[in-house]
Amino acid sequence: MTDAAAVFEEVRSMVTKLLDQYGLDDIEITPDSLFHDDLGLESIDLVALGAMLAERYGERVNIAEFLAELKIDDVIGLRLGSLVDHVWSALAPTASSRT
């Protein structure tokens, strides 16, 4: 993984797989897409997405911890770009891993 755009494309692909299950494969997915209002995804879909993220990126990307830090209104209004930012920051090398 080299950049945030690549992370966005991978997360977008995962969301597309979720939408395919509902026959919603023609929805435009952008960083500003809202999981609930724009994509029609529910909390169970976030759990499934979390499993996909963990499988792809490992333990460093933990969607449950990310969501637990948000207020309920922020979870309801979660944008794809916010999740991508979380994934990107979780994958960034830490100071201890650079030494």
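Residues numbered from 1 in each chain as written. Predicted model: local features only at pLDDT ≥ 70, side-chain atom pairs only at ≥ 80, totals over all residues. Heavy atoms only, no water.

Caption draft 1: Up close: the overall build of the chain. Of the regular secondary structure elements, the chain holds six helices and zero strands. Overall, the chain shows an N-to-C arrangement of helices and strands of α-α-α-α-α-α. Taken over the C-alpha trace, the chain has a radius of gyration of 13 Å; the compact-globule value for 99 residues is 13 Å, and the two agree within 12%. Across its three principal directions, the C-alpha atoms of the chain cover 45 × 30 × 20 Å. Buried positions account for 31% of the 99 residues belonging to the chain. Of the contacts made within the chain by residues no fewer than 6 positions apart, 61% connect residues no fewer than 24 positions apart. Taken as a whole, the chain presents about 6,100 Å² of accessible surface, with 53% of it coming from carbon and sulfur. Looking at the chain, you have 7 positive and 19 negative side-chain charges, and the mean spots of the two groups are 9 Å apart. (Helix = DSSP H or I, 4+ residues; strand = E, 2+ residues; numbered from the N terminus. Rg over C-alpha atoms; globule rule 2.2 N^0.38 Å. Buried < 20%, exposed > 50% of the residue type's maximum accessible area, 1.4 Å probe, protein only. Contact = heavy atoms within 4.5 Å. Areas by Shrake-Rupley, 256 points an atom, 1.4 Å probe, with all protein chains shown as cover. Lys, Arg positive; Asp, Glu negative; His and termini not counted. Charge placed at Lys NZ, Arg CZ, Asp CG, Glu CD.)

Caption draft 2: Inspection of the pattern of salt bridges at higher detail. With the rule as written, the count across this model stands at three salt bridges. Here E10 and R56 are joined by a salt bridge, their closest N and O atoms 3.0 Å apart. Linking E10 in helix α1 (residues 4-21) with R56 in helix α2 (residues 43-57), this pair joins segments that are 46 residues apart in sequence. The class of R56 is partly exposed, set by a relative accessible area of 39%. Linking D32 and R79 is a salt bridge whose minimum nitrogen-to-oxygen distance equals 2.9 Å. Here R79 lies in the loop between α4 (72-76) and α5 (80-91) and D32 lies in the loop between α1 and α2, a separation of 47 residues in the sequence. In this structure D32 comes out as exposed when scored by relative accessible area, which is 53%. (Salt bridge = Lys/Arg side-chain N within 4 Å of Asp/Glu carboxyl O.)

Caption draft 3: View of the side chain of D45. One can find D45 in helix α2. Buried and without a salt bridge, D45 has K17 as its closest oppositely charged side chain, separated by 14 Å. Those residues within four positions of D45 in sequence are excluded, and the remaining contacts are L18 and Y22.

Caption draft 4: Examining the packing of α1 against α5 more closely. Axis separation between α1 and α5 bottoms out at 9 Å; the angle between their running directions is 125 degrees. Between α1 and α5, the crossing angle belongs to the class labelled oblique. Handedness of the α1/α5 crossing: right-handed. Packed against α1, whose contacting residues are A4, V7, F8, V11 and V15, the element α5 presents L80, L83, V84, V87, W88 and L91 at the interface. Of the residues in the contact of α1 with α5, the class split is 11 nonpolar, no polar and no charged. (Axes fitted to C-alpha atoms, helices over the stretch in contact; angles between N-to-C directions. Parallel < 35°, antiparallel > 145°, perpendicular 65-115°, else oblique. Left-handed = near helix turned anticlockwise from the far one by under 90°. Nonpolar A, V, L, I, M, F, W, Y, C, P; charged D, E, K, R; others polar.)

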